[in-house]
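Descriptive analysis of the structure
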Amino acid sequence: MRSIRLFVDGPLAADVEITLPDAASEHATRVLRLRAGDALALFNGDGHDYSAQLLDAARGGARVRITARSAPAAEESPLALTLVQGIARGEKMDWILQKATELGVACIVPVLTARTEVRLDAQRGEKRVAHWRGVIASACEQCGRARLPQLLSPQPLAAWLSTREPDAALFTLDPQATLRVRDLPTLSAAQLLIGPEGGLDAADLLLLRTVGAQGLALGPRVLRTETAGMAALAMLQSHLGDA
């Protein structure tokens with residue numbers, strides 16, 4: 001039997017009735033075709049799932065009764081992973097955010113580097129962040145997470161480096177590096193910087209050296225931006241996190 005989970009951006013509690021927000025109501029009634037009496041789970045990012053029953057399947061205003069609060073199906077990783085992603089174009093960035101969420105990252109930082117091709121003014125940036133939050137919420141619905149990764153506003157790489165958590169190890173991928181994931185000691189937090197489609201240039205790499213970033217090798221091949229981060233995140237989780 002399929003498990004239906006919906007994100008609700010608002011307070012949830014057992015033994016109450018609520019009207020689903022427009023997006024969740026539309027998804028439940030038009031996409032999933034739920035009917036009155038159907039069971040589903042709600043979550044709002046507080047770390048819990050909320051069992052519920054659909055009372056009224058009216059489009060645009062479906063009502064549910066929340067019956068219980070429970071632990072989510074997917075536990076959070078003990079390794080607090082931050083993906084610092086050079087902003088990629090269009091759907092490629094959506095794919096990165098979706099898969100990074102599925103892989104259990106705690107935080108995602110979209111950064112502008114010397115070779116970033118995407119340009120965001122204030123208005124466009126707000127719209128893009130709102131869209132990205134929706135992508136992340138949908139990924140959490142699918143993978144069972146009850147906490148949404150934190151998504152920071154797009155910012156220049158130098159700005160993030162000046163405010164980053166200094167106690168977390170910072171890594172960049174480098175096929176020439178001698179350090180491998182298997183060589184890493186136990187970590188409670190790690191930051192992984194991935195460049196955009198054109199990679200990192202000399203100025204970016206100089207900035208990273210000044211803050212002590214370490215090169216990490218996954219193998220001899222140069223990976224695309226949408227492949228590199230996911231491969232590294234999976235290996236870090238397997239070695240230090242979810243394993």
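Residues numbered from 1 in each chain as written. Predicted model: local features only at pLDDT ≥ 70, side-chain atom pairs only at ≥ 80, totals over all residues. Heavy atoms only, no water.

**Describing the sheet that holds strand E3 (residues 39–43)**
- Spatially, five strands are ordered E1-E3-E4-E5-E2 in an open sheet, and the strand pairing comes out mixed. Across the chains shown, the open sheet's two edge strands, defined by having one partner strand only, are strand E1 (5–7) and strand E2 (16–19). Strand-to-strand twist of the sheet, defined as the mean angle between neighbouring strand axes without regard to direction, takes the value 40°.
- Bridge analysis of E3 against strand E4 (residues 49–56) gives four bridges, and the strand direction is antiparallel. (Pairing = 2+ DSSP bridges. Helix = DSSP H or I, 4+ residues; strand = E, 2+ residues; numbered from the N terminus. Axes fitted to C-alpha atoms, helices over the stretch in contact; angles between N-to-C directions.)

**Some remarks on the nonpolar core**
- Counting residues in each nonpolar core, the largest one holds 32 residues, and the members touching the most others are Leu83, Phe171 and Leu233.
- Among the secondary structure elements, those contributing two or more residues to this core are strand E6 (80–86), helix H2 (90–102), helix H3 (122–143), strand E10 (169–173), strand E11 (189–194) and helix H6 (225–240).
- No other element matches the six residues that H6 contributes to this core.
- Ignoring sequence-local partners within four residues, the contact set of Phe171 consists of Leu179, Leu184, Leu187, Ala190, Gln191, Leu192, Leu193, Gln214 and Leu216.
- Val8, Tyr50, Leu54 and Ala62 belong to the second largest nonpolar core, which has 18 residues in total. (Core = buried A, V, L, I, M, F, W, Y, C linked by side-chain atoms within 4.5 Å. Buried < 20%, exposed > 50% of the residue type's maximum accessible area, 1.4 Å probe, protein only. Contact = heavy atoms within 4.5 Å.)

**Things to note about the side chain of Thr29**
- Mapped onto the fold, Thr29 is located in helix H1 (residues 22–31).
- Look at Thr29 and you get buried, because its relative accessible area is 4%.
- A polar contact is formed between the side chain of Thr29 and the backbone oxygen of Ser25, at a distance of 2.8 Å. (Polar contact = N/O pair within 3.5 Å; in protein donor to acceptor, adjacent residues only side chain to side chain.)

**Regarding the pairing of E6**
- Where burial is concerned, most of E6 is hidden: six out of the seven residues are buried.
- Strand direction decides the pairing type here: E6 and E11, joined by six bridges, are parallel. Residue pairing in the sheet places Leu83 in a bridge with Leu192 of E11.
- When E6 meets strand E7 (residues 107–112), the two strands line up parallel, connected through five bridges. Of the residues in E7, the one forming a bridge with Thr82 is Cys107.
- Each parallel crossover has a hand, and for E6 linked through H2 to E7 it is right-handed. (Right-handed = clockwise from strand over helix to strand, strands pointing away.)

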